[in-house]
Amino acid sequence: MTTATRKILIVEDEWKIARFLQIELEHEGFTTVIEANGRNALDRIIQENFDLVLLDLMLPEMDGVEICRRVRAVSQLPIIMVTAKDDIDDKVKGLDIGADDYITKPFALPELLARIRAAFRKHTVTEQPAEKNVLNIKNLALFPNRYEAEIDGQPVELTKKEYDLLEYLVRNKNVVLNREHILQEVWGYEYMGDTNVVDVYIRYLRSKLDEPFEQKYIHTVRGVGYVVKD
Ligand code: CA
């Protein structure tokens, strides 16, 4: 694909910045569209065929973090967050929201172009058909259709039961789940009373997720149970 056919959506509510980006990107051979409203931007991203989105953080009606989160539930479209230095928060800095990259305003145009090219390169190599129903926490993705998990695109080998437990925790993210409840939902009634198995499997999961990837997914709530936080 040549750059001439690549269509970039510029989501930006400051008209001057949007126009500056449009003029420069079109000069580079991209086709561009400007959208200033957050909610409309989300609709257009889902309905139209863009190759990349430049996404401002602070927008009317829906902010960039929320847009990014919702797009990621259905698509791996390259997203670069374009943020003012003052409103950049840790979520964006850590790219926990699933953006490919971020750049802070004011930026030098060559830097933005380099990041756009890098995002396209990354997606050309790993481009896959969008998969429905993918669950995401931080850089962990779960694929319920095939009982598989990936961290940063690398497969994590899980047994069926480990997968079931992880999916249950992720589906109930930010909710503290007690051992009895987890046991009942993941193992079924036959295991009632033996909650040690939950702790054992949490340990297995941590050894496969937290330790190798130096990221804490599963938190212990003393005296209660466990929670996965996003
Ligand atoms: Ca803005």
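The structure this text deals with has already been given above.
These numbers come from a predicted model, not from an experiment.

## Some remarks on the overall build of the protein chain
Part 1 of the reasoning: Within the protein chain one finds nine helices and 12 strands.
Part 2 of the reasoning: The buried share of the protein chain, taken over its 230 residues, is 47%.
Part 3 of the reasoning: Counting only contacts in the protein chain whose residues sit at least 6 apart along the sequence, the fraction spanning at least 24 positions is 54%.
Part 4 of the reasoning: Here the protein chain has roughly 12,300 Å² of accessible surface; of this, 48% comes from carbon and sulfur atoms.

## Things to note about the packing of helix H6 (residues 160-171) against helix H7 (residues 179-187)
Part 1 of the reasoning: Packing of H6 against H7 brings their axes to within 10 Å, and their N-to-C directions diverge by 125 degrees. As summarised for this structure, H6 and H7 are arranged oblique, according to the angle between their axes. Helix-helix and strand crossings are classified by hand; for H6 and H7 the assignment is right-handed. Touching Lys 161, Asp 164, Leu 165, Tyr 168 and Leu 169 of H6 are His 181, Ile 182, Glu 185, Val 186 and Trp 187, all from H7.
Part 2 of the reasoning: Here the contact of H6 with H7 is composed, by residue class, of six nonpolar, one polar and three charged.

## Quick notes on the coordination of the calcium ion
Part 1 of the reasoning: Binding of the calcium ion to the protein goes through Asp 13 (OD), Asp 56 (OD) and Met 58 (O), at separations of 2.1 to 2.3 Å.
Part 2 of the reasoning: Read N to C, the donor residues that coordinate the calcium ion are spaced as D-x42-D-x1-M.

## A word on helix H2 (residues 38-47)
Part 1 of the reasoning: Looking at H2, one finds that the buried residues are Gly 38, Ala 41, Leu 42 and Ile 45. One face of H2 carries all of its buried residues, which in axial projection span an arc of 100 degrees.
Part 2 of the reasoning: The secondary structure elements touched by the buried residues of H2 are strand E1 (7-11), strand E2 (31-35), strand E3 (52-56) and helix H3 (64-72).

## Considerations on the environment of Arg 6
Part 1 of the reasoning: With respect to the helices, strands and loops of the structure, Arg 6 is situated in the segment before E1.
Part 2 of the reasoning: Judged by its relative accessible area of 13%, Arg 6 falls in the buried class.
Part 3 of the reasoning: Linking Arg 6 and Phe 120, residues 114 residues apart in sequence, is a C-alpha distance of 9.7 Å.

## Let's talk about the pairing of strand E12 (residues 225-228)
Part 1 of the reasoning: As defined by bridge partners, strand E10 (residues 177-178) adjoins E12 across two bridges and the pair is classed as antiparallel. Counterpart to Asn 178 in the pairing with E12 is Gly 225.
Part 2 of the reasoning: Pairing of strand E11 (residues 218-221) with E12, which is carried by four bridges, proceeds in the antiparallel orientation. By the bridge assignment, Val 221 is partnered in E12 with Gly 225.

## With respect to the sheet that holds E12
Part 1 of the reasoning: Strand order in the open sheet formed by three strands is E10-E12-E11, and the pairing between neighbours is antiparallel. The outermost strands of the open sheet, each flanked by one partner alone, are E10 and E11.
Part 2 of the reasoning: Where H6 meets the sheet, it contacts E10, E11 and E12, and its direction lies at approximately 70 degrees from that of E12.
Part 3 of the reasoning: Along the sheet, helix H8 (residues 196-208) makes contact with E11 and E12, crossing E11 at roughly 145 degrees.

## What about the environment of Asp 199?
Part 1 of the reasoning: Note on placement: Asp 199 falls in helix H8.
Part 2 of the reasoning: For Asp 199, a relative accessible area of 18% translates into the label buried.
Part 3 of the reasoning: For Asp 199, the contacting residues outside a window of four places in its chain are Arg 179 and Tyr 226.

## Observations regarding H3
Think of an α-helix as turning once every 3.6 residues; residues three or four places apart then point the same way.
Part 1 of the reasoning: Within H3, the full set of buried residues consists of Gly 64, Val 65, Ile 67, Cys 68, Val 71 and Arg 72. Looking down the long axis of H3, one finds its buried residues gathered within 165 degrees of arc, a one-sided arrangement.
Part 2 of the reasoning: For H3, the N-terminal capping position is held by Asp 63, with its side-chain oxygen 3.1 Å away from the main-chain nitrogen of Val 65.

## Re the packing of H6 against H8
Part 1 of the reasoning: Packing of H6 against H8 leaves a shortest axis separation of 10 Å and a crossing angle of 90 degrees. When the interaxial angle is binned, H6 and H8 end up roughly perpendicular. For the pair H6 and H8, the contacting residues are Lys 161, Glu 162, Leu 165, Leu 166 and Leu 169 in the first and Tyr 201, Ile 202, Tyr 204, Leu 205 and Lys 208 in the second.
Part 2 of the reasoning: The residue inventory of the contact of H6 with H8, partitioned by class, reads seven nonpolar, no polar and three charged.

Quick notes on the rules
- Residues numbered from 1 in each chain as written.
- Predicted model: local features only at pLDDT ≥ 70, side-chain atom pairs only at ≥ 80, totals over all residues.
- Heavy atoms only, no water.
- Helix = DSSP H or I, 4+ residues; strand = E, 2+ residues; numbered from the N terminus.
- Buried < 20%, exposed > 50% of the residue type's maximum accessible area, 1.4 Å probe, protein only.
- Contact = heavy atoms within 4.5 Å.
- Areas by Shrake-Rupley, 256 points an atom, 1.4 Å probe, with all protein chains shown as cover.
- Axes fitted to C-alpha atoms, helices over the stretch in contact; angles between N-to-C directions.
- Parallel < 35°, antiparallel > 145°, perpendicular 65-115°, else oblique.
- Left-handed = near helix turned anticlockwise from the far one by under 90°.
- Nonpolar A, V, L, I, M, F, W, Y, C, P; charged D, E, K, R; others polar.
- Donors = N, O, S within 2.8 Å, 3.2 Å for Na, K, Ca; no water.
- Arc of directions from axis to C-beta.
- Pairing = 2+ DSSP bridges.
- Polar contact = N/O pair within 3.5 Å; in protein donor to acceptor, adjacent residues only side chain to side chain.

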